[in-house]
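What the coordinates show
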Amino acid sequence: YETISCYWFTPMSIRKMMEQQGVHGPKPSFLIGNIIEMSSLVSKAVSEDMKTISHDIVARILPHFVLWSNQYGKRFLYWNGIEPRLCLTDTALIKEFLSKHNSISGKSWQQQQGSKHFIGKGLLMVNGEDWHHQRHMVAPAFMGERLKGYGGYMVECTKDMVQSLKNALEGGESEVEIGEYLTELTADIISRTEFGTSYKKGKQIFYLLTQLQTRCAQSTRHLFLPGSRFFPNKYNREIKSMKKEVEKLLKEIIKGREDCVEMGRSNSYGNDLLGILLDEMKKEGGSLNLQLVMDECKTFFFAGHETTALLLTWTVMLLASNPHWQDKVRAEVKEICKGETPSLDQLSKLTVLQMVINESMRLYPPATVLPRMVFKDIVLGDLHIPKGLSIWIPVLAIHHSEELWGEDANEFNPERFASKSFIPGRFIPFASGPRNCVGQSFAIMEAKIILAMFISQFSFTISESYRHAPVVVLTIKPKYGVQVCLKPLDA
Ligand code: HEM
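Criteria and thresholds
Residues numbered from 1 in each chain as written. Predicted model: local features only at pLDDT ≥ 70, side-chain atom pairs only at ≥ 80, totals over all residues. Helix = DSSP H or I, 4+ residues; strand = E, 2+ residues; numbered from the N terminus. Rg over C-alpha atoms; globule rule 2.2 N^0.38 Å. Buried ≥ 20, exposed ≤ 12 C-beta atoms within 10 Å, placed from the backbone. Core = buried A, V, L, I, M, F, W, Y, C linked by C-beta atoms within 7 Å. Contact = placed C-beta atoms within 7 Å. UniProt positions renumbered as here; feature names shortened; annotations may be inferred. Near = placed C-beta within 6 Å. Nonpolar A, V, L, I, M, F, W, Y, C, P; charged D, E, K, R; others polar. Pairing = 2+ DSSP bridges. Axes fitted to C-alpha atoms, helices over the stretch in contact; angles between N-to-C directions. Parallel < 35°, antiparallel > 145°, perpendicular 65-115°, else oblique. Left-handed = near helix turned anticlockwise from the far one by under 90°.

1. A look at the overall build of the protein
- Secondary structure summary: the protein contains 20 helices and twelve strands in total.
- Compactness check: the protein gives a C-alpha radius of gyration of 23 Å against a globular reference of 23 Å for 491 residues, within 12% of the reference.
- Across its three principal directions, the C-alpha atoms of the protein cover 70 × 60 × 45 Å.
- Across the 491 residues in the protein, those meeting the buried criterion constitute 41%.

If you want it as structure tokens, here you go:
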């Protein structure tokens, strides 16, 4: 009875309840919901590259949203397998939901299962009390003086990237795929932030983790099918051995720190994120165990590495194809930083750069959707939301809405961020409310340092070989990377 109730009665009663409130949507098929329709719409939409560099990408990335919102209105209900999802684009309701109902909503079972082998019970995937506790423990690592302390790593790592780009140019290359360089750079930075001097081993761990993430995504593709996690799976053995390898390396770093303290060579576990986690693990009554420390390290790499690399890659693409804005940013950096590497005080004065970064995250938000499951019945505006319903916030569609941003919503126009008075809730690249991105200030500081240093060393144009083809694989990516032609400015 429980199984039938879980797979049939409960979803159907949720559907009926939402229909009574005027929320309709596409008819679901038994067990698979609307998954087949969704994936065929998406594969058709991305089957061809875009003909020009147009930012009108909602119909390409979220074709199901476009189809169903035209058919059923701004709020509609669709089914990810047996999981009913309410699509919500009303910015006032989104703001209310993310700020007021955080304690009784969170990550769904499907999301947790899909990521359990690579980030386990780290901050991104936990709910309730565990989330509250973990968030309060790690948040100080990304605030105030500690945050400022990471600036030096960011500058050092960026200098290395600038040097490798110069070497590539001297070696005869005039065109580079900038995404590769920026991904390597953000991996370096997060590895130093987490592991300090052990960052080389940290990076080795993270390479393995990236492979593990791909394997986990492949092996959980059918998770929406009830019982599928028990199916024999060709990836399972590989996942197990990669996970073991990652955790063996993490344990080696942790053991090294413990030995240093025990032998009296150091009186603390370190000033980096790992140090904070180990302090909590070692303190009397501390709530962390070794597994959680490792899950948290993996989570921060996963959440903070690719997102920032993509923000940077899309921003370079936008500046390469909008030379007027590239010149404006360069002039600002020159005026404020006077040819030196940017200091932390100068970063807040780089307002044109901040406007460009915002516009880049508006057009290409690395996290295109925010799914949150509701664990208790709630009232949200005029809607009664039953427990078990997922709220699905299509960030990309909200960021491109003409109703919210005006007729030029699909154009690159950083000027729109010159005024700070914009409707709350319509710009949410880092989510909002208590469960927003804990690394938001870190990411902005990192992006500003890297872009300021890059733009004062090189001028760049988009290469003829660049093919505009944004696709979503968890985050929004350029399918073939971003090829730019670089010219060193000091040449
Ligand atoms: C441009 C860069 C970034 C973007 C656009 C971004 C975006 C987001 C978003 C939208 C969320 C909410 C996800 C959800 O609840 O479903 C999130 C959460 C999170 N982000 Fe970021 N992020 C960025 C960079 C970073 C960095 C650099 C770090 C770490 C150093 C980081 C660590 C995290 C963590 C740990 C969470 C989970 C927070 C929680 O659940 O309490 N992020 N991020």
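2. Description of the nonpolar core
- Ranked by internal contacts, the top residues of the largest apolar core, which has 125 residues, are Val316, Leu353 and Val484.
- In terms of residue count, helix H14 (residues 290-320) provides more of this core than any other element does, 18 residues in total.
- Aside from chain neighbours lying at most four places away, what touches leucine 353 is Val329, Glu332, Val333, Lys448, Leu451 and Ala452.

3. Let's talk about the UniProt feature "binding site: heme" (unreviewed entry) in the protein
- UniProt records the feature "binding site: heme" (unreviewed entry) for Cys437 in the present numbering.
- Here cysteine 437 is to be found in the loop between helix H19 (402-405) and helix H20 (440-457).
- Residue classification places cysteine 437 among the partly exposed residues on the basis of 18 C-beta atoms within 10 Å.
- If we ignore the near neighbours within four places in the chain, the residues touching cysteine 437 are Phe430 and Ala431.

4. Let's talk about the site of the ligand
- Near the ligand there are 22 residues, and of these Ala303, Gly304, Thr307, Cys437 and Gly439 occur at the shortest range.
- Within the residue set of the shell around the ligand, elements represented by two or more residues are H14 and H20.
- Looking at the shell around the ligand element by element, the count peaks at seven residues for H14.
- Looking at the shell around the ligand residue by residue, the classes come out as 15 nonpolar, five polar and two charged.

5. Thoughts on the environment of cysteine 87
- Checked against the element boundaries, cysteine 87 lands in strand S2 (residues 83-87).
- In this structure cysteine 87 comes out as buried when scored by C-beta crowding, with 25 C-beta atoms within 10 Å.
- On a C-alpha basis, the gap between cysteine 87 and tryptophan 68 in space is 9.7 Å, while along the polypeptide they are 19 residues apart.
- Setting aside chain neighbours within four positions, we find cysteine 87 in contact with Phe65, Arg75, Phe76, Tyr78, Trp392 and Pro394.

6. Description of the pairing of strand S10 (residues 470-473)
- Sheet topology note: the S10/strand S11 (residues 475-478) ladder contains four bridges and is antiparallel. Paired with proline 470 across the two strands is proline 478, which belongs to S11.

7. Regarding the sheet that holds S2
- Across the sheet, five strands lie side by side as S1-S2-S8-S5-S3; this open sheet has mixed pairing. Each having just a single partner strand, strand S1 (76-80) and strand S3 (105-106) make up the two edges of the open sheet.
- Pairing of S3 with strand S5 (residues 370-374) involves two bridges; the strand directions are antiparallel. Opposite serine 105, over in S5, you have valine 374 as the bridge partner.

8. Some details on the sheet that holds strand S4 (residues 175-177)
- The three strands lie next to each other as S4-S12-S9, forming an open sheet whose pairing is antiparallel. This sheet does not close on itself; its edge strands, each paired only once, are S4 and strand S9 (458-462). For this sheet the average axis-to-axis angle between neighbouring strands, irrespective of direction, equals 40°.
- Across three bridges, the pairing between S4 and strand S12 (residues 483-488) is antiparallel. Counted as the bridge partner of valine 176 is valine 484 from S12.
- Helix H9 (residues 151-170) rests against S4, S9 and S12 of the sheet, and its axis sits at about 90° to S12.
- This element, H14, spans S9 and S12 of the sheet and lies at about 80° to S9.

9. Here we look at the environment of arginine 372
- Here arginine 372 is to be found in strand S5.
- On the neighbour-count criterion, arginine 372 (24 C-beta atoms within 10 Å) is buried.
- Through-space distance from the C-alpha of arginine 372 to that of phenylalanine 301 is 22 Å; in sequence the pair is 71 residues apart.
- For arginine 372, the residues in contact, after removing those within four places along its chain, are Ser105, Gly106, Ser390 and Ile391.

10. Digging into the environment of leucine 319
- By the secondary structure assignment, leucine 319 is in helix H14.
- Once the C-alpha coordinates of leucine 319 and phenylalanine 417 are considered, the two residues, 98 residues apart in sequence, prove to be 16 Å apart.
- Residues within four places of leucine 319 in sequence aside, it is in contact with Trp325, Gln326, Val329 and Val356.

11. Quick notes on the packing of helix H15 (residues 323-337) against helix H17 (residues 351-363)
- Where H15 contacts H17, the two axes come as close as 8 Å, and the packing angle between them is 140°. For the element pair H15 / H17, the angle class is oblique. Side by side, H15 and H17 meet where Trp325, Lys328, Val329, Glu332 and Val333 of the first sit next to Val352, Leu353 and Val356 of the second.
- The class makeup of the residues in the contact of H15 with H17 is six nonpolar, no polar and two charged.

12. Quick notes on the pairing of S5
- Within S5, four of the five residues are buried, leaving the element largely enclosed by the surrounding structure.
- With four bridges joining them, S5 and strand S8 (residues 390-393) adopt antiparallel strand pairing. Note that in S8 the partner of proline 371 across the bridge is tryptophan 392.

13. Looking at the packing of helix H13 (residues 273-282) against H14
- Running from amino to carboxyl end, H13 crosses H14 at an angle of 155°, the nearest separation of the two axes being 10 Å. By the angle between their axes, H13 is roughly antiparallel relative to H14. For the element pair H13 and H14, the recorded crossing hand is right-handed. Where H13 abuts H14, its residues Leu273, Leu274, Leu277, Leu278 and Met281 lie against Val293, Glu296, Cys297 and Phe300.
- A class-by-class count of the residues in the contact of H13 with H14 yields eight nonpolar, no polar and one charged.

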